[in-house]
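# Inside the fold
Take a look at the letters that make up each chain.
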Amino acid sequence: MSNLESEILNSELPVMEDFYTIQGEGFHQGRAAYFIRLGGCEVRCVWCDVKDSWDVNAHPKMEVHALAQKAKLSGSQLAVVTGGEPTMHNLEALTQALQQVGLRTHLETSGAYTITGTWDWICFSPKKFKPPHPSVAAQADELKVVVFHKSDLAWAEEFAHLVKPACKLYLQPEWSKESEILPLVIDYVKKNPRWQISLQVHKYMNIP
Ligand code: SF4
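Now for a quick tour of the structure.

Thresholds, definitions, all that
Residues numbered from 1 in each chain as written. Predicted model: local features only at pLDDT ≥ 70, side-chain atom pairs only at ≥ 80, totals over all residues. Heavy atoms only, no water. Helix = DSSP H or I, 4+ residues; strand = E, 2+ residues; numbered from the N terminus. Rg over C-alpha atoms; globule rule 2.2 N^0.38 Å. Contact = heavy atoms within 4.5 Å. Lys, Arg positive; Asp, Glu negative; His and termini not counted. Charge placed at Lys NZ, Arg CZ, Asp CG, Glu CD. Buried < 20%, exposed > 50% of the residue type's maximum accessible area, 1.4 Å probe, protein only. Pairing = 2+ DSSP bridges. Near = heavy atom within 4 Å. Nonpolar A, V, L, I, M, F, W, Y, C, P; charged D, E, K, R; others polar. Axes fitted to C-alpha atoms, helices over the stretch in contact; angles between N-to-C directions.

## Concerning the overall build of the protein
Scanning the protein from N- to C-terminus turns up 6 helices and 9 strands. Relative to its length of 208 residues, the protein is compact, with a C-alpha radius of gyration of 17 Å against a globular reference of 17 Å. When contacts within the protein are restricted to residue pairs at least 6 apart in sequence, those whose partners lie at least 24 apart make up 62%. Of the charged side chains in the protein, 20 are positive and 24 negative; the average position of the first set lies 6 Å away from that of the second.

Shown next as C-alpha coordinates:
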(Lines give C-alpha, C1' and ligand atoms only; values in the text may rest on other atoms or scores of the structure.)
Protein backbone atom coordinates (compact mmCIF):
# COMPACT_ATOMS: atom_id res chain seq x y z
CA MET A 1 0.00 0.00 0.00
CA SER A 2 1.35 3.45 -0.88
CA ASN A 3 1.83 6.17 1.73
CA LEU A 4 -1.06 8.15 0.29
CA GLU A 5 -3.47 5.16 0.36
CA SER A 6 -2.45 4.54 3.93
CA GLU A 7 -3.13 8.17 4.84
CA ILE A 8 -6.65 8.00 3.36
CA LEU A 9 -7.50 4.90 5.40
CA ASN A 10 -5.84 5.96 8.63
CA SER A 11 -6.64 9.64 8.37
CA GLU A 12 -3.21 10.35 9.75
CA LEU A 13 -0.73 12.91 8.51
CA PRO A 14 2.84 13.80 9.50
CA VAL A 15 2.74 17.02 11.49
CA MET A 16 5.91 19.05 12.10
CA GLU A 17 4.14 21.58 14.31
CA ASP A 18 0.72 23.07 14.97
CA PHE A 19 0.12 26.33 16.77
CA TYR A 20 -2.28 29.24 17.18
CA THR A 21 -0.85 32.50 15.92
CA ILE A 22 -1.48 35.42 13.59
CA GLN A 23 -1.41 34.92 9.82
CA GLY A 24 1.51 37.13 8.84
CA GLU A 25 1.28 37.11 5.05
CA GLY A 26 -0.98 37.87 2.14
CA PHE A 27 -4.70 38.59 1.99
CA HIS A 28 -5.53 37.30 5.49
CA GLN A 29 -2.56 39.01 7.16
CA GLY A 30 -3.36 39.99 10.73
CA ARG A 31 -6.07 37.37 11.31
CA ALA A 32 -5.84 34.87 14.14
CA ALA A 33 -5.26 31.43 12.64
CA TYR A 34 -4.40 27.90 13.70
CA PHE A 35 -1.41 26.75 11.66
CA ILE A 36 -0.90 23.09 10.80
CA ARG A 37 2.54 22.53 9.31
CA LEU A 38 2.69 19.15 7.60
CA GLY A 39 5.97 17.32 7.14
CA GLY A 40 7.46 16.58 3.73
CA CYS A 41 8.67 18.76 0.87
CA GLU A 42 10.42 17.86 -2.37
CA VAL A 43 10.51 21.43 -3.71
CA ARG A 44 13.73 22.31 -1.86
CA CYS A 45 13.91 26.10 -2.23
CA VAL A 46 17.46 27.31 -1.51
CA TRP A 47 16.15 30.07 0.78
CA CYS A 48 13.59 27.87 2.61
CA ASP A 49 13.18 28.92 6.25
CA VAL A 50 11.62 25.60 7.32
CA LYS A 51 14.13 23.06 6.00
CA ASP A 52 13.40 20.84 9.00
CA SER A 53 10.05 20.13 7.37
CA TRP A 54 11.52 18.46 4.29
CA ASP A 55 11.91 14.88 5.54
CA VAL A 56 8.43 13.36 5.50
CA ASN A 57 9.51 10.59 7.86
CA ALA A 58 10.92 12.92 10.51
CA HIS A 59 7.55 13.98 11.90
CA PRO A 60 5.03 12.12 14.05
CA LYS A 61 1.70 11.26 12.47
CA MET A 62 -1.43 12.76 13.96
CA GLU A 63 -5.01 11.65 13.48
CA VAL A 64 -6.95 14.34 11.61
CA HIS A 65 -9.96 14.50 13.98
CA ALA A 66 -7.65 14.94 16.97
CA LEU A 67 -5.84 17.67 15.07
CA ALA A 68 -9.11 19.39 14.19
CA GLN A 69 -10.24 19.27 17.84
CA LYS A 70 -6.97 20.87 18.93
CA ALA A 71 -7.44 23.61 16.36
CA LYS A 72 -11.05 24.18 17.45
CA LEU A 73 -10.15 24.32 21.15
CA SER A 74 -7.58 27.05 20.42
CA GLY A 75 -10.45 29.45 19.75
CA SER A 76 -9.45 29.99 16.15
CA GLN A 77 -12.04 30.36 13.41
CA LEU A 78 -9.74 29.22 10.63
CA ALA A 79 -7.01 26.69 10.01
CA VAL A 80 -4.06 27.32 7.72
CA VAL A 81 -2.58 24.11 6.33
CA THR A 82 1.01 24.66 5.27
CA GLY A 83 4.29 22.81 5.13
CA GLY A 84 6.52 21.59 3.87
CA GLU A 85 4.48 21.09 0.76
CA PRO A 86 1.07 19.96 2.02
CA THR A 87 -0.27 18.86 -1.37
CA MET A 88 2.09 15.88 -1.42
CA HIS A 89 -0.50 14.35 0.93
CA ASN A 90 -4.14 13.51 0.40
CA LEU A 91 -5.91 16.27 2.33
CA GLU A 92 -9.55 15.12 1.98
CA ALA A 93 -9.85 13.70 5.48
CA LEU A 94 -8.11 16.68 7.09
CA THR A 95 -10.30 19.31 5.43
CA GLN A 96 -13.42 17.30 6.23
CA ALA A 97 -12.41 17.06 9.89
CA LEU A 98 -11.66 20.79 10.09
CA GLN A 99 -14.95 21.74 8.47
CA GLN A 100 -16.87 19.34 10.72
CA VAL A 101 -15.72 21.37 13.74
CA GLY A 102 -16.67 24.62 12.01
CA LEU A 103 -13.26 25.89 10.93
CA ARG A 104 -12.54 27.58 7.63
CA THR A 105 -9.85 25.79 5.64
CA HIS A 106 -6.99 27.76 4.11
CA LEU A 107 -4.18 26.17 2.10
CA GLU A 108 -0.66 27.48 1.47
CA THR A 109 0.94 25.62 -1.42
CA SER A 110 3.66 25.88 -4.02
CA GLY A 111 1.28 23.98 -6.29
CA ALA A 112 3.79 21.19 -6.85
CA TYR A 113 0.99 18.57 -6.98
CA THR A 114 -2.72 18.47 -7.69
CA ILE A 115 -4.84 19.77 -4.83
CA THR A 116 -6.99 17.42 -2.78
CA GLY A 117 -9.49 18.42 -0.09
CA THR A 118 -12.14 21.14 0.12
CA TRP A 119 -10.77 24.63 0.64
CA ASP A 120 -12.27 27.98 1.53
CA TRP A 121 -9.09 29.76 0.46
CA ILE A 122 -6.10 28.67 -1.62
CA CYS A 123 -2.88 30.66 -1.54
CA PHE A 124 -0.70 29.60 -4.47
CA SER A 125 2.97 30.46 -4.09
CA PRO A 126 4.84 28.91 -7.05
CA LYS A 127 8.53 28.10 -6.68
CA LYS A 128 11.18 27.94 -9.40
CA PHE A 129 12.71 24.86 -7.83
CA LYS A 130 9.79 22.57 -8.81
CA PRO A 131 7.33 23.78 -11.46
CA PRO A 132 3.73 23.82 -10.28
CA HIS A 133 1.14 21.39 -11.57
CA PRO A 134 -0.80 23.07 -14.42
CA SER A 135 -4.15 22.59 -12.65
CA VAL A 136 -3.33 24.71 -9.61
CA ALA A 137 -3.19 28.33 -10.85
CA ALA A 138 -6.86 28.40 -11.89
CA GLN A 139 -7.92 27.32 -8.38
CA ALA A 140 -6.00 30.04 -6.55
CA ASP A 141 -7.73 32.78 -4.56
CA GLU A 142 -4.39 34.41 -3.93
CA LEU A 143 -1.13 34.35 -5.91
CA LYS A 144 1.85 35.12 -3.68
CA VAL A 145 5.26 35.23 -5.34
CA VAL A 146 8.36 35.37 -3.17
CA VAL A 147 10.85 37.75 -4.78
CA PHE A 148 14.44 36.64 -4.27
CA HIS A 149 15.90 38.23 -7.41
CA LYS A 150 14.83 41.06 -9.71
CA SER A 151 14.08 38.50 -12.44
CA ASP A 152 11.35 37.02 -10.22
CA LEU A 153 9.13 40.01 -11.05
CA ALA A 154 8.85 38.95 -14.71
CA TRP A 155 8.40 35.35 -13.59
CA ALA A 156 5.51 36.43 -11.35
CA GLU A 157 3.72 37.94 -14.35
CA GLU A 158 3.71 34.53 -16.09
CA PHE A 159 1.50 33.22 -13.28
CA ALA A 160 -0.67 36.33 -13.08
CA HIS A 161 -1.86 35.42 -16.58
CA LEU A 162 -2.95 31.96 -15.43
CA VAL A 163 -5.06 32.82 -12.38
CA LYS A 164 -8.74 33.80 -12.38
CA PRO A 165 -9.57 37.54 -12.62
CA ALA A 166 -10.61 37.81 -8.95
CA CYS A 167 -7.37 36.27 -7.68
CA LYS A 168 -5.40 38.62 -5.40
CA LEU A 169 -1.82 39.29 -6.50
CA TYR A 170 1.01 39.67 -3.98
CA LEU A 171 4.76 40.16 -4.24
CA GLN A 172 6.63 39.22 -1.08
CA PRO A 173 10.32 40.10 -0.66
CA GLU A 174 12.32 37.08 0.50
CA TRP A 175 13.09 37.72 4.17
CA SER A 176 16.90 37.44 4.10
CA LYS A 177 17.13 39.87 1.16
CA GLU A 178 14.34 42.20 2.16
CA SER A 179 16.47 45.37 2.45
CA GLU A 180 17.74 44.85 -1.10
CA ILE A 181 14.51 43.61 -2.69
CA LEU A 182 11.85 45.72 -0.97
CA PRO A 183 12.73 48.97 -2.84
CA LEU A 184 12.44 47.10 -6.15
CA VAL A 185 9.07 45.68 -5.15
CA ILE A 186 7.77 49.07 -3.98
CA ASP A 187 8.75 50.60 -7.31
CA TYR A 188 7.19 47.71 -9.24
CA VAL A 189 3.87 47.86 -7.39
CA LYS A 190 3.63 51.62 -7.93
CA LYS A 191 4.02 51.02 -11.66
CA ASN A 192 1.81 47.89 -11.68
CA PRO A 193 -0.88 48.60 -9.07
CA ARG A 194 -2.86 45.41 -9.56
CA TRP A 195 -0.09 43.85 -7.45
CA GLN A 196 0.18 44.42 -3.69
CA ILE A 197 3.08 43.96 -1.29
CA SER A 198 3.02 41.14 1.26
CA LEU A 199 5.46 41.46 4.16
CA GLN A 200 6.03 38.67 6.66
CA VAL A 201 4.70 40.71 9.56
CA HIS A 202 4.80 37.75 11.99
CA LYS A 203 8.59 38.02 11.79
CA TYR A 204 8.44 41.69 12.82
CA MET A 205 6.17 40.67 15.70
CA ASN A 206 8.53 37.86 16.71
CA ILE A 207 5.81 35.24 16.62
CA PRO A 208 5.82 31.92 14.72
FE1 SF4 B 1 10.53 25.36 1.93
FE2 SF4 B 1 8.04 25.82 1.11
FE3 SF4 B 1 10.06 25.83 -0.66
FE4 SF4 B 1 9.24 23.53 0.47
S5 SF4 B 1 8.05 24.85 -0.91
S6 SF4 B 1 11.36 24.19 0.20
S7 SF4 B 1 8.72 24.20 2.54
S8 SF4 B 1 9.75 27.28 1.04
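## A look at the pairing of strand β2 (residues 32–38)
Burial runs high along β2: 6 of the 7 residues are buried. In this structure, strand β1 (residues 12–22) lies alongside β2, joined through 7 bridges in antiparallel fashion. Across the sheet, the residue bridging to F19 is F35, located in β2. With 4 bridges connecting them, β2 and strand β4 (residues 78–82) associate as parallel partners. Across the sheet, the residue bridging to Y34 is A79, located in β4.

## With respect to unusual backbone geometry
The peptide bond linking G83 to G84 adopts the cis configuration, its omega dihedral lying at 15 degrees. Counting through the fold element by element, G84 comes out in the loop between β4 and α3 (92–100). Of note, the phi angle at R44 is positive, near 60 degrees, even though the residue is not glycine. Its location among the elements puts R44 in the loop between β2 and β3 (61–63). Despite not being glycine, N206 has its phi angle at roughly 60 degrees, a positive value. Counting through the fold element by element, N206 comes out in the segment after α6 (201–204). Residue classification places N206 among the exposed positions, given a relative accessible area of 71%.

## Concerning the site of the ligand
Neighbouring residues of the ligand: C41, V43, R44, C45, W47, C48, V50, W54 and G84. Here the shell around the ligand is built from residues that sort into 7 nonpolar, 1 polar and 1 charged.

## Focus on the sheet that holds strand β6 (residues 121–124)
With respect to topology, 9 strands assemble into an open sheet ordered β3-β1-β2-β4-β5-β6-β7-β8-β9, the strand pairing being mixed. Lying at the two open borders of the sheet, with one neighbouring strand each, are β3 and β9 (195–197). For this sheet, the mean inter-axis angle between neighbouring strands, taken without regard to orientation, is 30 degrees. Taken together, the 2 bridges between β6 and strand β7 (residues 142–147) define a ladder with parallel strand orientation. Counterpart to C123 in the pairing with β7 is E142.

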